[in-house]
Amino acid sequence: PRAKPGLHGRPDGDFYAYSNPSSFPGYSDIILKSSDGSETQHIEMTRLNPKIVRFSARDLYFEAGDRTEQNLYRINPKNQRIEKVDTGGAFDSTFSFSTDGKTFSFLSVSEGSLRELVVTRGRKRQQLTDLSTQLAGLRLPRKELIGWKSYDGLDIEAVLTWPVGYEAGKPYPLFVRTHGGPTGTDRPLLAGAPRWIYLPDLLAAEGDGAFVLQTNYRGSANYGEAFQSSNLRNLGIGPARDIVAGVEMLIEKGLVSPDRVGCLGWSQGGHISAML
């Protein structure tokens, strides 16, 4: 029940795998079943929320977020040992494997580059596109991860984009840009990947420059099942208070002008923006 789309069969056809939510809005566990239905294996997940991308003869490959990182993992179903696969840098999903499983492609991303198509085989990594040459001559804002304690002591992390042409000692306007979901995750990447809505890189260049705060409030994905479930019976209200604590911190540091703060978001982030 409630299986995510897509079954992944082992090459010999004896087993198939899929991911299945353990609870709502909990993380998805990995289920392995024999083709004749005689055997079932349940691999429980609480820290990583897997999206299966390949079932090889020996291992299952899946992608999952870990805080603001997106990684490729492999797990041996026999011992359930999970290992992170080295992709040589950040990526934005879209994995595709060769038939023998030794070559795979994906889209790479970074704070200062557009998505580029990369092919990896063993330790050899080849970038097939060079779309980021379009950025030559542009002044890109700096991004960093920041954190604070919310009203109840919960640790909150956020992406802070600095004003283009920032001058120390000068308070700036602040755009509070809030993701939807609520199980979304903002990452310190160019153009606000993965959702290109209210582009932080453009907002940071508004007027004489502005800060942009993207908060991974309680209920956001990739911070563990307990954090993702922490806004139950507190939907919107708890996240809004998480964000307010971050705004107050930026004001106290003298970075933000308290009378020049604007809120914008979409979906659940739109509801939170209305509350703010």
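Residues numbered from 1 in each chain as written. Predicted model: local features only at pLDDT ≥ 70, side-chain atom pairs only at ≥ 80, totals over all residues. Heavy atoms only, no water.

Novice: So what about the overall build of the chain? Which residues, and what values?
Specialist: The secondary structure content of the chain amounts to four helices and 17 strands. Computed over the C-alpha atoms, the radius of gyration of the chain is 21 Å, within 12% of the 19 Å expected from 2.2 N^0.38 for a compact globule of 276 residues. Counting only C-alpha atoms and orienting by the principal axes, one finds that the chain spans roughly 65 × 45 × 25 Å. Looking at the chain as a whole, 49% of its 276 residues are labelled buried. Put simply, of all contacts in the chain between residues at least 6 apart along the chain, 51% involve residues at least 24 apart. In the structure as shown, the chain presents an accessible area of about 13900 Å², 50% of it carried by carbon and sulfur atoms. Here the chain holds 32 positive side-chain charges and 31 negative ones, and the gap between their average locations is 3 Å. (Helix = DSSP H or I, 4+ residues; strand = E, 2+ residues; numbered from the N terminus. Rg over C-alpha atoms; globule rule 2.2 N^0.38 Å. Buried < 20%, exposed > 50% of the residue type's maximum accessible area, 1.4 Å probe, protein only. Contact = heavy atoms within 4.5 Å. Areas by Shrake-Rupley, 256 points an atom, 1.4 Å probe, with all protein chains shown as cover. Lys, Arg positive; Asp, Glu negative; His and termini not counted. Charge placed at Lys NZ, Arg CZ, Asp CG, Glu CD.)

Novice: Tell me about the packing of aromatic side chains, residues and numbers included.
Specialist: Considering all chains together, one arrives at 13 aromatic pairs under this definition. Of the aromatic side chains, those joined through ring pairs into one cluster are Tyr61, Phe95, Phe97, Phe104 and Phe106. Across from the ring centre of Trp162, 4.1 Å away, lies the NZ or CZ of Arg142, which sits over that ring. Over the face of the ring belonging to Tyr151 we find Arg241, whose NZ or CZ atom lies 3.7 Å from the ring centre. (Phe/Tyr/Trp six-rings, centres within 6.5 Å; stacked < 30°, edge-to-face > 60°. Lys NZ or Arg CZ within 6 Å of the ring centre and 35° of its normal.)

Novice: Provide a residue-level description of the pattern of salt bridges, including the pertinent values.
Specialist: Here the structure, examined in full by the defined rule, presents eight salt bridges. A salt bridge links Glu157 to Arg67; the shortest N-O distance between them is 3.5 Å. Note that Glu157 is positioned in strand S14 (residues 155–161) and Arg67 in the loop between strand S6 (60–66) and strand S7 (69–76), a separation of 90 residues in sequence. With a shortest N-O distance of 3.4 Å, Arg177 and Asp186 are connected by a salt bridge. As far as burial versus exposure is concerned, Arg177 and Asp186 are alike and both buried. In the salt-bridge network here, residues are joined through shared partners; they are Arg74, Arg81 and Glu83. (Salt bridge = Lys/Arg side-chain N within 4 Å of Asp/Glu carboxyl O.)

Novice: Break down helix H4 (residues 268–275) for me, citing the residues and quoting the values.
Specialist: Three or four residues apart is the spacing at which side chains of an α-helix point the same way, because the helix has 3.6 residues per turn. Buried within H4 are the following residues: Gln268, Gly269, Ile272 and Ser273. Taken around the axis of H4, the buried residues stretch over an arc of 140 degrees, which confines them to a single face. The outward face of H4, more than 90 degrees from its buried face, is lined by the exposed residues His271 and Ala274. Looking at the packing, one finds that the buried side of H4 touches strand S15 (172–178), helix H3 (237–252) and strand S17 (256–265). (Arc of directions from axis to C-beta.)

Novice: I'd like to hear about the nonpolar core, residue by residue, with values.
Specialist: Counting 23 residues, the largest nonpolar core has Ile146, Trp148, Leu160, Leu174, Phe211, Leu213 and Leu250 as the members making the most contacts within it. It is H3 that contributes the most residues to this core, six residues altogether. Aside from chain neighbours lying at most four places away, what touches Trp148 is Leu154, Asp155, Ile156, Ala158, Leu213, Thr215, Asp242, Ala245, Gly246 and Met249. If you look at the next biggest cluster of nonpolar residues, it comprises 14 residues, including Leu32, Ile43, Ile52 and Tyr73. (Core = buried A, V, L, I, M, F, W, Y, C linked by side-chain atoms within 4.5 Å.)

Novice: Just give me the short version of the sheet that holds strand S12 (residues 124–127), but keep the residues and values in it.
Specialist: Sheet architecture is open: four strands sit in the order S9-S10-S11-S12, paired in antiparallel fashion. In the strand order of this sheet, the two ends are held by strand S9 (96–97) and S12, each with one partner. Examined bridge by bridge, S9 and strand S10 (residues 103–110) share two bridges and lie antiparallel to one another. Note that in S10 the partner of Ser96 across the bridge is Ser105. (Pairing = 2+ DSSP bridges.)

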